[in-house]
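# An overview of the molecular structure
Each chain, letter by letter, is given below.
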Amino acid sequence: GEQYILSNTSYLNNIWHHFALNVIRNGSATVYVDGVAVKQLPASAIEGLSGGEIVLGACKYRTDDTPPGEPAYITENYLSGRIDELRIWKAYMTMDNIRLKMNTRITGKEKGLIAYYPFEEIVEEQGVQRTELSLTDRTGNTTAAEVGQLLESVTHPSLKAARELEKVASTY
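Notes on the structure follow. (Residues numbered from 1 in each chain as written. Predicted model: local features only at pLDDT ≥ 70, side-chain atom pairs only at ≥ 80, totals over all residues. Heavy atoms only, no water.)

## Topic: the overall build of the protein
Within the protein, the secondary structure is distributed over one helix and nine strands. Listing the helices and strands of the protein from first to last along the sequence gives β-β-β-β-β-β-α-β-β-β. Taken over 172 residues, the protein has a buried fraction of 22%. Long-range pairs, those at least 24 residues apart, make up 44% of the contacts in the protein with a sequence separation of at least 6. (Helix = DSSP H or I, 4+ residues; strand = E, 2+ residues; numbered from the N terminus. Buried < 20%, exposed > 50% of the residue type's maximum accessible area, 1.4 Å probe, protein only. Contact = heavy atoms within 4.5 Å.)

Okay, structure coming up:
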């Protein structure tokens, strides 16, 4: 497929960044970095999610010129960085909504959330809490992730606790 430069800014600065992609079918796709829109594309530039797997942090594609007995897929262009979590929503997200949720822990039960991999689980043993690597989808919508090449990091961005549900008055 086509490749796009999302920003001329370098994000290789040893600081955690929040990346969000909001695709509105029959409309546009907007890329947000740290809650700020940095690129807008036609929605047709972003293919839908389908298939048996999602590759995160690399590019995997089928090759037709594979010798017999060799894998028909190539995985390359690995991300040189860390990913702390993955959220996939089937919902329109405004910039304000992205900003509100980007550094906040969520439960996995939010409306429109179809996959949530925080890549960590808080475990308590004898009154002491610790964080362990986890590949479980907290929504319960998908099966557990399989790991091809995974390096566990001891650092992670600090997140606020999940927000309490609020009733907001509205009129139509």
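## Examining the nonpolar core
Within the largest apolar cluster, eight residues are counted, these being Ala20, Tyr32, Trp89, Met93, Ile98, Ile106, Leu113 and Tyr116. Those residues within four positions of Tyr116 in sequence are excluded, and the remaining contacts are Glu85, Leu86, Arg87, Ile106, Gly108, Thr136, Asp137, Arg138 and Thr139. Counting residues in hydrophobic clusters, the runner-up holds six residues, among them Leu86, Ile88, Tyr117 and Leu135. (Core = buried A, V, L, I, M, F, W, Y, C linked by side-chain atoms within 4.5 Å.)

## Considerations on the side chain of Glu120
With respect to the helices, strands and loops of the structure, Glu120 is situated in the loop between β7 (113-117) and β8 (121-125). Polar contacts involving the side chain of Glu120 include one to the side chain of Arg105, which spans 2.6 Å. (Polar contact = N/O pair within 3.5 Å; in protein donor to acceptor, adjacent residues only side chain to side chain.)

Treat this as a map of the structure, not an account of what it does.
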